[in-house]
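Geometric and topological summary
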Amino acid sequence: RKEVEQDPGPFNVPEGATVAFNCTYSNSASQSFFWYRQDCRKEPKLLMSVYSSGNEDGRFTAQLNRASQYISLLIRDSKLSDSATYLCVVNKERAAGNKLTFGGGTRVLVKP
Amino acid sequence: DTAVSQTPKYLVTQMGNDKSIKCEQNLGHDTMYWYKQDSKKFLKIMFSYNNKELIINETVPNRFSPKSPDKAHLNLHINSLELGDSAVYFCASSQEYLSSYNEQFFGPGTRLTVL
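Below you will find a few notes about this structure. Bear in mind the structure is a predicted one, so any value in this text is a computation, not a measurement.

1. Quick word on the pairing of strand β8 (residues 73–78) of chain B
Residues in a regular strand project their side chains so that they alternate between the two faces of the sheet. Residues and elements named next belong to chain B. Burial along β8 is one-sided: the residues Leu 74, Leu 76 and Ile 78 are buried and none of His 73, Asn 75 and His 77 is. Across four bridges, the pairing between strand β3 (residues 19–25) and β8 is antiparallel. Opposite Ile 21, over in β8, you have Leu 76 as the bridge partner. Here five bridges tie strand β7 (residues 64–70) to β8, and the two strands are oriented antiparallel to one another. Bridge pairing in β8 links Asp 70 to His 73.

Now the structure itself:
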């Protein structure tokens, strides 16, 4: 089983619609969680960190469920510019330092 | 102002050659990383340096040797290149390595093709 698993998609989303997807992680000792965004042939960039209580940043909402070991990302009012691959990222444990484990990404295509 | 820069952006070479990729960050960060992203898009950490000291060394063939002359630079030298080394290599940096929520900033990547 992969340490971080994501549905690769693509999720085809009409502009203005809401899309949500999850990511599961296998290591219950995981400390911190993130969503990174990667555009085609570009580098990953941090979209948002995911905190235990859930957090929102504009149209983006992230949730963490430690009991079931998954995190989710919801995008409201999708824009064409939201088309990208969304990488679920987990940091295993503090002692390991800032060692991130990446999922394979969920591709989102927003269409007019 | 480029925060994390890598050279070259593209590298095409023959099997068996030795090549280097350079990385520099101007963010004043203490920690730098090398990642490999394969054709299936999985991004995997290879090495991490904190203040020129190696702190993460994943299961990477010893043909790969990182070198950090100072905390702003982390270069990657690859000996005897193999077909399976073809991938995109990303350099990244973060402020420090012990804080779990430190953002990592990535360079633009080096697309290596081994023929």
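There's more to say after this.
2. Re the interface of chain B and chain A
Accessible area lost on assembly of the parts is the figure often given for the size of an interface. Contacts between the two partners involve 25 residues from chain B, matched on the other side by 25 residues from chain A. Taking both partners together, chain B and chain A bury about 2100 Å²; carbon and sulfur atoms supply 53% of that area. Across the chain B-chain A interface, the total number found is two residue pairs in polar contact (both at pLDDT 80 or more). Among the elements that make up the side of chain B that touches chain A, the one with the highest residue count is strand β4 (residues 31–37) of chain B (three residues). Counted by class, the side of chain B that touches chain A contains 13 nonpolar, seven polar and five charged residues.

About the criteria used
Residue positions are counted from 1 within each chain, in the order its sequence is given. Whichever chain is written first is A, and whichever ligand is written first is 1; the rest continue in order. It should be noted that, the model being predicted, local features are given only for residues of pLDDT at least 70 and side-chain atom pairs only at 80 or more, the latter also being counted only at that level, while totals for whole chains, interfaces and linings use all residues. With hydrogens and water excluded, all non-hydrogen atoms of the structure serve as input to the side-chain values. Only protein chains enter the accessibility calculation, which uses a 1.4 Å probe; a residue is then buried when its area is under 20% of its type maximum, exposed when over 50%, and partly exposed in between. Labels follow the DSSP assignment, with helices taken as runs of H or I lasting at least four residues and strands as runs of E lasting at least two, numbered in each case from the N terminus. At least two DSSP bridges between two strands are needed for those strands to be called paired. Contacts are assigned to residue pairs that have any heavy atoms within 4.5 Å of one another. Defined here as a combined quantity, buried area equals the accessible surface (1.4 Å probe) lost by two parts on assembly, summed across both. In the analysis that follows, any N or O atom pair within 3.5 Å is treated as a polar contact, provided that within protein one partner can donate a hydrogen and the other can accept it, and provided that, for residues neighboring in sequence, both atoms belong to side chains. Residue type decides the class: Asp, Glu, Lys and Arg count as charged, Ala, Val, Leu, Ile, Met, Phe, Trp, Tyr, Cys and Pro as nonpolar, and the leftover types, Gly among them, as polar.

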